[in-house]
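Reading the structure
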Amino acid sequence: MAHGRGLSRRTVLTMGAALVMTAACGTGSGGDGKVKVWHGYTDKEAAAFDKLAARWNTTHPDQQVELVFNGGNDNALQKTLASFASGNPPEVAYQYGSSITGLTGRPQTQDLTDLLRGDAAFGWDDLFPAGREAATVDGKIYGVPALVDNLSLVYNKKLFDEAEIAHPTESWTWDDFRSAARKLSGDGRFGWAYVNDGTEDTVWRFLALLWQAGGDLLAADGKKAAFDSDAGLQAMRLLRDMAVTDKSVYLDAGDQQYLNLFNSGRVAMLWTGPWDLGSINEDVSYGVQILPGRVTHATIAGPDTFVVFGDNGRTKALPFLKWLLSAEIHLEFAMETGHLPIRQSEVDLSGYAEFEAKYPGTKVFVDNLAKNVTKSRPNIPQYPKISQVLGTAVQSVLLGQAEPEAALAQSRGEVDQALAGS
Amino acid sequence: MTLDRRKLADHAAGWGFAAPAVVLIGVFGLVPVVWSFALSFQHTDLTSPGTFAGGENYAKLVADPLFWDAARRTLVYVALFVPVTLALALPIAVMLNQRIRGVVLYRLAVSVPLVTSTVATGIMFSWLANPQFGLVNAALDAVGLPKQGFFSDPGQALFAVVAMTVWGWLGFAVIIYLAALQNVPRDLLEASSLDGCGRARSFWHVELPLVSPATGFLLVWLTINGLQLFDAVYVTTKGGPLRATTVLVYHLYNEAFVSFDGGYAAAIGCAVFVLIAAFTLLQLRFNRRSHYEVR
């Protein structure tokens, strides 16, 4: 999930690209017979994607694809729905994992279950589970994984050495983490940074904490909230103890300054994904470790999905996506972008050692995919509402405006209501 | 007969000239207004066909505490944003209306915020007002005042948005006032000084009344824009923290494009429309009574 990518650049691009989008929408689909793939890649990712699409087009005259920059992924769902309303949707659109249930009820969205499961050559089950689950709603598959990320602990080695604290290990507990953050704080510096804008960016880190403490977001039947539990309380208390009592957490108001502050040595630890590694300054020596643990060291995957629309999407765009996700081609894409591998057989390729050598920090993230990505967010239409409610609860605790118990009780009530409401 | 025909031709030509504007305003102004009014009586996710909802969306509106909170915040915002902008703009315009060295430079400086996009303004203010590392807190700290949370503090965020948008709109208000001040006939000012008015009194009794049409215009214009506040919030606080800056249009955005409850969002839109229309009518009526005309 690209929650972390630099906002300022993205915002500017979004605004600039709004014009481009308007123009792109106006040209009408299918005039030149090309299927449109909306994406939010910029810089290196865009260049690598363009290169692959161009290669595909030279060998597939009947299944030509045209890549269209969507202006930034943050509002990809809104833009896609607007394209439905205008009757001129793309054949494929890049979406955050949490957006897919906003699209599954629409006539444009394609059920690809048979085309994907039934295609042995494609190897659906070889894809990492987090990516598969994100594309699946109620047992039906509506797209293919575009990106599979997860959170790990990224830390500034120099700051740890200066404070004479041992570097984080695989067996780090919450207590180790909290005490290190406290010792690293002070003098205009913070041990940890937490995105506190109340959006999904606030919520998913809390979900990792909740799972680490052995809790769950919803009850097994998905009809009731389950996070107002002992585990939920422990997670909320850790946030309060660190942010309010220790004041060891830089609360990022949503302008994504945490990475700049990490670069300037003002923040010592981040819980972030591989997408941020490319933006860490060369003179900052950083380490990557799995998240600290309570009961488990669970992390959360931020899988993004290419969702497929319309008949042309099935017949012309899907073959391109399948090709894109084949082990060799995706490894090529990963080599140029630092994206994590998307399927197991990709890791087993001989060329994979070269990828690991080029992106040393990514090993922890890749290992996480197999070991610590044990749960995922529920793919249900109520999730955006649940996310809003939890975001507010976490925010109120971090700001010291509510006690963990009260915040949990209130948000449980609102989540139960949202689940019962439809 | 020929006269009537000429009149008809004149009419046709007139409408011909006006047609592009009429079509544009109709398509991008009136049609959406009527459309959203219709939407407000439906249950719709904005893409699939809606179902008739009767007055349910409006009933939800009346019972929605988030709506009333947002309405209250919007009114607080407007009640601060409009007077503060006017109170700052007029003195600045008066100062810029003097014959002083480098006045062009000063005028240019004042109008810079006017041409700065809200996104750029928002990013700049977020940095300046960053609670831990911002310049404003560094300055407060240097003179021994306590650091503030600004956009990060639920109790201050709305005021931070007021400060930011006042900065953004000040240049516009100054230019309008400056134009009005330059239209005040010099002979009236000379006459008042012959009659023994000092600088202050002639400002108070001659200039201020004569720029009242500008005041009236700004009052209406700033109020309309204040009631529609959205972009400044979107680029700084996203309605937070803890909904502290969720004003009416931001609430509408959340309902329409996050929760995809299009019908309810349209109902909020209609409420904002009524609010704006009511304010505008009140102010126009008040302005008409207080105008001075230079004949």
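The written sequence of each chain sets the order in which its residues are numbered from 1. To label them, take the chains in the order written and letter them from A, then take the ligands in the order written and number them from 1. For this predicted model, a pLDDT threshold of at least 70 governs which residues receive local features, and a threshold of 80 or more governs which side-chain atom pairs are given and counted, while totals over whole chains, interfaces and linings are taken from all residues.

UniProt records the feature "transmembrane region" (unreviewed entry) at residues 12-38, 75-96, 108-129, 157-181, 202-224 and 262-282 of chain B, using the numbering of this structure. Numbering goes from the N terminus for both helices and strands, where a helix is a DSSP run of H or I of at least four residues and a strand is a run of E of at least two. In the segment residues 12-38 of chain B, helix accounts for 100% and strand for 0%; the C-alpha atoms at its two ends are 33 Å apart. UniProt positions are given in the numbering used here, feature names are shortened, and annotations may be inferred rather than shown by experiment.

Moving on, we come to the interface of chain B and chain A. Our contact criterion uses C-beta atoms placed from the backbone: two residues qualify when those atoms are within 7 Å. Across the contact, 21 residues belong to chain B and 27 residues belong to chain A. At three residues, helix H5 (residues 118-128) of chain B tops the list of elements feeding residues into the side of chain B that touches chain A. Only Asp, Glu, Lys and Arg are considered charged in this grouping, and only Ala, Val, Leu, Ile, Met, Phe, Trp, Tyr, Cys and Pro are considered nonpolar; every other residue, Gly among them, is considered polar. Its residues assigned to classes, the side of chain B that touches chain A comprises 12 nonpolar, eight polar and one charged.

A few words now on the UniProt feature "domain: ABC transmembrane type-1" (unreviewed entry) in chain B. According to UniProt, the "domain: ABC transmembrane type-1" (unreviewed entry) feature falls on residues 71-283 of chain B. Between the C-alpha atoms that bound residues 71-283 of chain B the distance is 19 Å, and the span itself is 75% helix and 0% strand.

Here we take up the domain arrangement of chain A. All names here are of chain A. Here the bounds of each domain stem from an automatic or database domain assignment. In terms of domains, chain A is made up of domain 1 (2-149 + 302-371) and domain 2 (152-300 + 380-420). Each of domain 1 and domain 2 has a C-alpha centre, and these two points are 28 Å apart. Tallying the contact residues gives 17 residues for domain 1 and 25 residues for domain 2. Ranked by the residues each element gives to the side of domain 1 that touches domain 2, the list is headed by helix H15 (residues 362-371), at four residues. When grouped by side-chain class, the residues that make up the side of domain 1 that touches domain 2 number five nonpolar, 10 polar and two charged.

On to the confidence of the model for chain B. Residues and elements named next belong to chain B. Values of pLDDT, which run from 0 to 100, indicate the predictor's confidence residue by residue. Scored by pLDDT, chain B comes out at a mean of 87, with 96% of its residues at no less than 70. Within chain B, the element-level pLDDT minimum falls on helix H9 (residues 199-210), averaging 82, and the maximum on helix H3 (residues 65-96), averaging 94. Here the predicted complex scores 0.80 on pTM and 0.72 on ipTM.

This part covers the sheet that holds strand S10 (residues 267-272) of chain A. All names here are of chain A. A pair of strands is labelled paired if DSSP reports no fewer than 2 bridges between them. Taken in spatial order, the five strands of this open sheet run S9-S8-S10-S7-S11, and their pairing is mixed. Sheet topology places strand S9 (249-252) and strand S11 (286-289) at the edges, where each strand pairs with a single neighbour. Across the sheet, the mean angle separating the axes of adjacent strands is 25° when strand polarity is ignored. Bridge count between strand S7 (residues 152-156) and S10: four bridges; the pairing is antiparallel. If you follow Ser152 over to S10, its bridge partner there is Thr272. Between N-to-C directions, angles span 0 to 180 degrees; the directions come from axes that are lines fitted to C-alpha atoms, helices contributing only their stretch in contact.

Here we come to the sheet that holds strand S3 (residues 92-96) of chain A. Residue and element names in this part refer to chain A. In space, the five strands of this open sheet follow the order S2-S1-S3-S12-S6, with mixed pairing throughout. Lying at the two open borders of the sheet, with one neighbouring strand each, are strand S2 (65-69) and strand S6 (143-147). Strand-to-strand twist across the sheet, computed as the mean angle between neighbouring axes with direction ignored, equals 30°. Inspection of the sheet shows strand S1 (residues 35-39) paired to S3 by two bridges, in the parallel sense. The residue bridging Val37 from the neighbouring strand is Val92, located in S3. Together, S1 and S2 form the strand contacts of helix H2 (residues 43-59), whose direction differs from that of S2 by roughly 160°.

Looking now at the environment of B:Val247. Residue and element names in this part refer to chain B. In this fold, Val247 is placed in the loop between helix H11 (231-236) and helix H12 (248-257). Put simply, Val247 and Ala71 are 176 residues apart on the chain and 6.5 Å apart in space, counted from C-alpha to C-alpha. Here Val247 is in contact with Ala70, Arg73, Thr74, Tyr77, Leu229 and Val233, once residues within four sequence places are set aside.

Here the focus is the pairing of S7(A). All names here are of chain A. Burial is judged by counting the other C-beta atoms within 10 Å of a residue's own C-beta: 20 or more makes it buried, 12 or fewer makes it exposed, and any count in between marks it as partly exposed, with every C-beta position built from the backbone. Burial analysis of S7 places five of its five residues in the buried class, the great majority of the element. Burial along S7 is two-sided: the face carrying Ser152, Val154 and Asn156 and the face carrying Leu153 and Tyr155 are both buried. Judged from the four bridges that link them, S7 and S11 form a sheet pairing that is antiparallel. Across the sheet, Tyr155 pairs through a bridge with Gly287, a residue of S11.

Turning our eyes to something else, we now look at the environment of B:Val119. Residue and element names in this part refer to chain B. Relative to the helices and strands, Val119 is located in helix H5. The class for Val119 is partly exposed, based on 18 C-beta atoms found within 10 Å. Sequence separation between Val119 and Val233 is 114 residues, and the spatial gap between their C-alpha atoms is 10.0 Å.

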